[in-house]
Amino acid sequence: MPLTARDVATSVFGAYRLARFDPTGLQHLDRTPEGAWKSFYAAVIVAPAWTLLLAIRLWGQVPDTPLFQLVVVEAIAYVISWTAFPVVMHGVSGLLDRQNRYIDFLCAYNWSSVVQMGIYLPVVILAATGILPGPISEGLVFGIMLAMLTYQWFVMRTALDISGVAAAVLVLLDLFLSALITDFADGLL
């Protein structure tokens, strides 16, 4: 069954509720195996914003890199970044004795990226324009990043029904894996 606009709206609303630290946000997500697969459509929704963030991040840093190489490397890195942590978490959920909550986690994790991007992108664009003085701009970006990490922590804690410490460790694992993928991709440019 294809993903509908209603599916997207309901899922993003659930992710929004989770961003407000409301655990009932999970109830708005399709937490079935089919819903878990559909949650990867969030990557398609986020892709244009991610492309803009990538352009901002790499602007002027890779002027001699052929466009084809840049697109291929970053596209592969994007796909890997969307799949690596969920694959790792499949195993970790078993170690935590939370296999029965893995689909809840996957749906919440994927759809929460739409909400995160909706908040993070405008702040990065504002910072990149230079409208705000450097320290204010940097502080704003840093504050939003901390808020996003707190949001991820809540999503993991709630969806997997684990302790706050375990959720914090998983957020750090996700951050490390993401940085590793980004650094590897940047090294290929």
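Just so it is clear, the model here is predicted, and its values are computed rather than measured.

What is the right way to look at the environment of I45 in this model?
The residue I45 is located in helix 3 (residues 41-58) in this model. Residue I45 is classed as partly exposed on the basis of its relative accessible area of 38%. In sequence terms I45 and D161 are 116 residues apart; their C-alpha atoms lie 27 Å from each other. Among all residues touching I45, those that are not within four sequence positions of it are V8, W111 and V114.

Mind showing me how you'd approach the pattern of salt bridges here?
Side chains that differ in sign of charge can pair as their charged atoms come close. Within the structure shown, the criterion is met by seven salt bridges. Measuring nitrogen to oxygen at the nearest pair gives 2.7 Å for the salt bridge that ties D186 to R57. Of this pair, D186 sits in helix 7 (residues 164-187) while R57 is found in helix 3, placing the two residues 129 residues apart along the sequence. Taking relative accessible area as the criterion, D186 reaches 27% and is therefore assigned partly exposed. The structure contains a network of salt bridges with shared partners spanning R31, R101, D104 and D161.

What exactly am I supposed to notice about the packing of aromatic side chains here?
For any two aromatic rings, the description comes down to two numbers: the centre-to-centre distance and the angle of the planes. In the structure shown here, the tally under the stated rule is nine aromatic pairs. Arranged with centres 4.4 Å apart and planes meeting at 40°, the rings of W50 and Y78 form a pair that is tilted. Separated by 28 residues along the polypeptide, W50 in helix 3 and Y78 in helix 4 (residues 67-95) bring together distant segments of the chain. Classification of W50 by relative accessible area gives partly exposed; the value is 22%.

How do you make sense of the packing of helix 4 against helix 5 (residues 102-129) when you look at a structure like this?
If you want to describe how two helices pack, look at the angle between their axes and the distance between the axes. Close contact between helix 4 and helix 5 brings their axes to 10 Å; oriented N to C, the two are set at 155°. When the axis of helix 4 is compared with that of helix 5, the two are roughly antiparallel. Read as a crossing pair, helix 4 and helix 5 show a hand that is right-handed. Together, W82, F85, P86, V87, M89, H90 and S93 of helix 4 and Y102, F105, L106, Y109, N110 and S113 of helix 5 make up the contact between the two elements. The residue makeup of the contact of helix 4 with helix 5, split by class, is nine nonpolar, four polar and no charged.

Rules and cut-offs
- Residues numbered from 1 in each chain as written.
- Predicted model: local features only at pLDDT ≥ 70, side-chain atom pairs only at ≥ 80, totals over all residues.
- Heavy atoms only, no water.
- Helix = DSSP H or I, 4+ residues; strand = E, 2+ residues; numbered from the N terminus.
- Buried < 20%, exposed > 50% of the residue type's maximum accessible area, 1.4 Å probe, protein only.
- Contact = heavy atoms within 4.5 Å.
- Salt bridge = Lys/Arg side-chain N within 4 Å of Asp/Glu carboxyl O.
- Phe/Tyr/Trp six-rings, centres within 6.5 Å; stacked < 30°, edge-to-face > 60°.
- Axes fitted to C-alpha atoms, helices over the stretch in contact; angles between N-to-C directions.
- Parallel < 35°, antiparallel > 145°, perpendicular 65-115°, else oblique.
- Left-handed = near helix turned anticlockwise from the far one by under 90°.
- Nonpolar A, V, L, I, M, F, W, Y, C, P; charged D, E, K, R; others polar.

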